[in-house]
Amino acid sequence: MAEPLYVGVDRSDESWVAVALTGDGFDHASVFDSIGECWSAYEERARLILVGVPIGLVESGDPDRRCDELARSVLGERSAAVRTPPVREATRKQRYSTANRVHRRKTGQELSEQAFARSDSLARIDELLQELPEAAAAIRESHPEVCFRAFGGEPLSYSKRTAGGYAERMRILAHYDRDAAPTVQKAAEATGGTAVAVDDVLDAVALAYTAQPGDRELYTLPPEPPRDAAGLPMEIVYRAASPLITS
């Protein structure tokens, strides 16, 4: 029987990059055109799939989810990496102007263009999890920057898109796992020739390490996540020696 997999999935422009680990280490990395294809590839073997995009969505009212607020508080100077997602109805709109109008009507606030840019991804994974209970049982939300913050034990100093930021994140992973550098190298080689950026590969590796069982515990922001109108948890999963927050 094939070993179970622990998968980290990050969105990279028009693709989804996945890094799969077994309990012992790197298994493979793949690039998918859709989250549906990604789920089909792993539904038989994955024990846990952590994705770096929002899952539980607000319908109306205050658009800021508690998990996002807490993530910003623990990230410090890197807090801008956490964007408030559109309300559920707005994720189904193809044009920014339409989505912004819906978001503003539902929340009284403007929708950022950066948040809208990933709307289609949010809509696709939202539909998948609502349609397939088995997918909802395996796929959970995380955030790469929160993963790095939890592994490193303190807020990060540099943006992930800088050389200093890449080096900082590699040091954090290498301290967490001595095989991190070859794992990142293998994942980068496996996704070579695609449009996937190297920092997105690094993010997927961090998500995979978070999904993989280890000597640290799996926690959530907030500790007791609320559920949205569709029953999906509004949470950000991370792995740490102790909780980043206690309430």
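Residues numbered from 1 in each chain as written. Predicted model: local features only at pLDDT ≥ 70, side-chain atom pairs only at ≥ 80, totals over all residues. Heavy atoms only, no water.

Looking up the protein in an unreviewed UniProt entry gives the name DUF429 domain-containing protein, with the organism given as Haloarcula hispanica N601.

A. Spatial organisation of the overall build of the protein. A tally of helices and strands in the protein yields 11 helices and 7 strands. Relative to its length of 247 residues, the protein is compact, with a C-alpha radius of gyration of 17 Å against a globular reference of 18 Å. Each principal axis of the C-alpha atoms in the protein carries an extent, and together these give about 50 × 35 × 35 Å. Residue burial in the protein is summarised as follows: out of 247 residues, 50% are buried. In the protein, the proportion of contacts linking residues at least 24 apart, taken out of those at least 6 apart, comes to 62%. When the accessible surface of the protein is summed, it comes to about 11300 Å², and 45% of that surface belongs to carbon and sulfur atoms. Side-chain charges in the protein split into 29 positive and 39 negative, and the spacing between the mean points of these groups amounts to 4 Å. (Helix = DSSP H or I, 4+ residues; strand = E, 2+ residues; numbered from the N terminus. Rg over C-alpha atoms; globule rule 2.2 N^0.38 Å. Buried < 20%, exposed > 50% of the residue type's maximum accessible area, 1.4 Å probe, protein only. Contact = heavy atoms within 4.5 Å. Areas by Shrake-Rupley, 256 points an atom, 1.4 Å probe, with all protein chains shown as cover. Lys, Arg positive; Asp, Glu negative; His and termini not counted. Charge placed at Lys NZ, Arg CZ, Asp CG, Glu CD.)

B. Representation of unusual backbone geometry in the model. For the bond running from Leu 221 to Pro 222, omega is -15°, close enough to zero to count as cis. Along the chain, Pro 222 turns up in the loop between strand S6 (217–221) and strand S7 (236–240). One non-glycine residue with positive phi stands out, namely Asp 13, at about 55°.

C. Up close: the environment of Ala 99. Checked against the element boundaries, Ala 99 lands in helix H4 (residues 96–107). Setting aside residues up to four positions removed in sequence, Ala 99 forms contacts with Ala 90, Lys 93, Leu 111 and Phe 116.

D. Expanded view of the layout of surface pockets. As a volume, the largest pocket reaches approximately 780 Å³. Together, 32 residues line the largest pocket, and Ala 81, Arg 83, Arg 118, His 143 and Lys 160 are the ones closest to its centre. Of all the secondary structure elements, the ones that give two or more residues to the lining of the largest pocket are strand S1 (5–12), helix H5 (113–116), helix H8 (144–152) and helix H11 (198–211). Looking at the lining of the largest pocket residue by residue, the classes come out as 12 nonpolar, 6 polar and 14 charged. In this model, the second largest pocket occupies a volume close to 210 Å³. As for the second largest pocket, its lining consists of 16 residues, of which Tyr 176, Asp 177, Tyr 209, Gln 212 and Pro 213 are closest to the centre. Its residues placed into classes, the lining of the second largest pocket shows 5 nonpolar, 6 polar and 5 charged. (1 Å grid on protein atoms, 1.4 Å probe; cavity = no way out; pocket = protein on both sides within 12 Å on 5 of 7 lines; lining within 4 Å. Points joined across faces, edges and corners; volume = space filled by probe spheres on them. Nonpolar A, V, L, I, M, F, W, Y, C, P; charged D, E, K, R; others polar.)

E. Representation of the sheet that holds S1 in the model. Taken in spatial order, the 5 strands make up an open sheet running S3-S2-S1-S4-S5, and their pairing is mixed. Each end of this open sheet is capped by a strand with a single partner; those strands are strand S3 (26–32) and strand S5 (139–141). Neighbour-to-neighbour, the strand axes of the sheet open up by a mean angle of 20°, direction not taken into account. Direction of pairing for S1 relative to strand S4 (residues 46–51): parallel, over a ladder of 5 bridges. Bridging from a neighbouring strand, Leu 5 pairs with Ala 46 of S4. (Pairing = 2+ DSSP bridges. Axes fitted to C-alpha atoms, helices over the stretch in contact; angles between N-to-C directions.)

F. Highlighting helix H1 (residues 35–42). Residues of H1 that are buried: Ile 35, Cys 38, Trp 39 and Tyr 42. Viewed end-on, H1 has its buried residues packed into an arc of 95°, placing them on one side of the element. (Arc of directions from axis to C-beta.)

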